[in-house]
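Structural overview
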Amino acid sequence: MSKYEDYNSASRNYDNQRFAMGSDVMAAMIQFHCGKPLKDLHVLDAGCGTGNYAKALIDYGVGQVTLLDASPGMLEKAKVKLADAIESGKIKEVVEATMPPIPFPDASFDAVMFNLVLHHLDGEGDTGFRMVIETLKETRRVVRPDGFLVISTCLPSTCLHSVWFTQFNLKLTERYVKVLPSLEQFSEMFNTTKFECMQKLNTIGSFFLDEYYNVEGPLDKSWRQGSSYWKFATEEEINVIEKKLKELKQSGELENWVRAHDRANTAGVLTWIFCKPQ
Ligand SMILES: C[S@@+](CC[C@H](N)C(=O)[O-])C[C@H]1O[C@@H](n2cnc3c(N)ncnc32)[C@H](O)[C@@H]1O
């Protein structure tokens, strides 16, 4: 269960806003590092949401995917989207569970992926990413010794400097980024949980969020539902951001302001971390 986002409610609009950005690179990295054809691999999509990445991987030829998520609402959407793959056995299991633990026997999977999931495990005010560490320990147990771990995340530095809508209120952004592990924190957690980081990649562009460049987006509640960032904002903070945005719009400066405060197309928004078990 996410510590701050209600995904049963978010599941209604999730697929209007999100895409499986980077799934092509992910499929290639999984195949290369597992050293087997995709068709022979079994991947756990941990925190699968509505199954966008699972669907993309199956379309690229991955043999079997198991879905796990804490939200029954998200899993219902995934089951509809992946009905054919469930029927054909390409989706091996659909499991509703809150991590940690990861409820599978040792060495069950060739690869485990967490796409935009790990920052939901520890809440605002929790320190030390205890839930992430427990979940990575469990991942080490359920992934095969020659297997592979994929994590996609937004880094604190990216969120602080690259995303235009986080620039309206940096105090709010500083509060939010506390739930995002930095690369240094990931590195420590990999040492503790016995993973070795093989590669880190940034994807340039904002395509995982449709309408990222809707400059009036923050005025619209359903647009704000596209990012858990807004869950950290108080009513008052949202009112102040809306006021500032309306002023920029009225003065004709909004587009320029967004351009000046955004680096998604130069620095990127999403970071991919690829690891092997030690
Ligand atoms: C931002 S969504 C990402 C969904 C999907 N991986 C994607 O990239 O489209 C985060 C997902 O993680 C799930 N989640 C959050 N905390 C969880 C936990 N402790 N255990 C299992 N799933 C969790 C949520 O229910 C939600 O579906």
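These notes cover the structure that comes with them. As the structure is a computational prediction, the values presented were derived from the model and not from experiment.

What follows covers the overall build of the protein chain. Counting secondary structure elements, the protein chain contains 13 helices and seven strands. Against the globule reference of 19 Å for 278 residues, the protein chain gives a C-alpha radius of gyration of 19 Å, in line with a compact fold. Its C-alpha atoms give the protein chain principal-axis dimensions of about 60 × 40 × 30 Å. Going through the 278 residues of the protein chain one by one, you find that 40% of them count as buried.

This paragraph deals with the sheet that holds strand β2 (residues 64-69). Pairing within the open sheet is mixed, and its seven strands lie in the order β3-β2-β1-β4-β5-β7-β6. Strands at the two margins of the open sheet, each flanked by one partner only, are β3 (91-96) and β6 (195-203). Direction aside, neighbouring strands of the sheet carry axes that sit 15° apart on average. Of the pairings in the sheet, the one linking β2 to β3 comprises four bridges and is parallel in character. Following the sheet pairing, L68 is matched in β3 by V95. Sheet strands touched by helix α3 (residues 23-34): β1 (42-46), β4 (109-115), β5 (143-153), β6 and β7 (270-277). Its angle to β5, the strand with the most contacts, is close to 160°. In the packing of helix α10 (residues 183-193) onto the sheet, the strands contacted are β6 and β7, and the crossing angle to β6 comes to about 155°.

As for its position among the elements, V112 is in strand β4. In this structure the C-alpha to C-alpha distance between V112 and L180, which are 68 residues apart in sequence, comes to 19 Å.

The full set close to the ligand counts 20 residues, and G47, G49, A70, S71 and N115 are the nearest of them. When the residues that make up the shell around the ligand are grouped by side-chain class, the tally is 10 nonpolar, eight polar and two charged.

What follows deals with the nonpolar core. If you look at the biggest cluster of nonpolar residues, it comprises 66 residues, and the most contacted ones within it are V43, A46, A54, A111, V112, M113 and V150. Beyond its immediate sequence surroundings of up to four residues, A54 is in contact with D45, C48, V65, L67, L82 and I91.

The buried fraction of β4 amounts to seven of the seven residues, a majority that puts the element mostly inside the structure. As paired elements, β1 and β4 share three bridges and run parallel to each other. Bridge pairing in β4 links D45 to M113. Note: β4 against β5, six bridges, orientation parallel. If you follow N115 over to β5, its bridge partner there is S152.

When we look at burial in helix α4 (residues 52-60), the residues that qualify are N52, Y53, A54, K55, L57 and I58. After α4 finishes, the residue G61 shows a positive phi value of roughly 115°.

What follows covers unusual backbone geometry. A cis amide bond links M99 with the next residue in sequence, P100, at an omega value of -15°. Note the cis peptide between P100 and P101, where omega equals 0°. Take P101: it is sitting in the loop between β3 and β4.

How each quantity is defined
- Residues numbered from 1 in each chain as written.
- Predicted model: local features only at pLDDT ≥ 70, side-chain atom pairs only at ≥ 80, totals over all residues.
- Helix = DSSP H or I, 4+ residues; strand = E, 2+ residues; numbered from the N terminus.
- Rg over C-alpha atoms; globule rule 2.2 N^0.38 Å.
- Buried ≥ 20, exposed ≤ 12 C-beta atoms within 10 Å, placed from the backbone.
- Pairing = 2+ DSSP bridges.
- Axes fitted to C-alpha atoms, helices over the stretch in contact; angles between N-to-C directions.
- Contact = placed C-beta atoms within 7 Å.
- Near = placed C-beta within 6 Å.
- Nonpolar A, V, L, I, M, F, W, Y, C, P; charged D, E, K, R; others polar.
- Core = buried A, V, L, I, M, F, W, Y, C linked by C-beta atoms within 7 Å.

Geometry only, nothing functional implied.
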